[in-house]
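# Breakdown of the fold
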Amino acid sequence: MAEDLNSWEDFTGSSFLKAANVTSESDAFTCTNVEIFKDPKEPSNIRPRLTLVKAGTTNEYLMDLNMTNANFLKNAGITSPSAIKGRKIFFKKVLVRDPRKNVEIEGLRIARVE
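Just so you know, these numbers come straight off a predicted model, no measurement behind them. (Residues numbered from 1 in each chain as written. Predicted model: local features only at pLDDT ≥ 70, side-chain atom pairs only at ≥ 80, totals over all residues. Heavy atoms only, no water.)

## Some remarks on the packing of aromatic side chains
We apply this condition: The criterion for an aromatic pair is that two Phe, Tyr or Trp rings (for Trp, the six-membered ring) have centres within 6.5 Å, with stacked assigned to planes under 30 degrees apart, edge-to-face to planes over 60 apart and tilted to the rest. In this description a helix means any DSSP run of H or I spanning at least four residues, a strand means any run of E spanning at least two, and both kinds are numbered starting from the N terminus. Relative accessibility thresholds used throughout: buried, under 20% of the residue-type maximum; exposed, over 50%; partly exposed, between the two (1.4 Å probe, protein chains only).
As enumerated under the stated definition, the model contains 2 aromatic pairs in all. For the ring pair Phe29 and Tyr61, a centre distance of 6.1 Å and an interplane angle of 65° mean the geometry is edge-to-face. Linking Phe29 in strand β1 (residues 28-38) with Tyr61 in strand β3 (residues 60-64), this pair joins segments that are 32 residues apart in sequence. Accessibility assignment for this pair places Phe29 and Tyr61 in one class, buried.

Below, the structure is given as structure tokens:
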């Protein structure tokens, strides 16, 4: 991610995609990389980790695919996690329950892929 003194993004925590980074369902994020993420706390928890770049910016974000978003991609005809590389992904905001805090928060679901 490029350093930008006109934004707090580079200085306030992780670069994971958050609902606040998506302003509308027309925001396109291009997948530039896919890798396997293995949770060191739970070795059996293995999932695809996407690197996404928001269209019209140099802002780069990470996103671990949960089961819901992985199933969406599979049902949309994406043949494998590596096949998402180079594709545009669009998100919608949804309310989800944070299991650690037991409260509802804004989350992201994939709305479409091009």
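Read on, since the account is not over.
## Observations concerning the pairing of strand β4 (residues 88-98)
In plain terms, the rule: Strand pairing requires that DSSP identify at least two bridges connecting the strands.
Relative to β4, β1 is paired through 3 bridges, and the arrangement is antiparallel. Bridge pairing links Phe29 to Ile89 in β4. Note: β4 against strand β5 (residues 103-113), 10 bridges, orientation antiparallel. Its bridge partner lying in β5, Val94 is registered against Gly107. In this antiparallel pair of consecutive strands, β4 and β5, the connection spans 4 residues, and Asn102 shows a positive phi of 55°.

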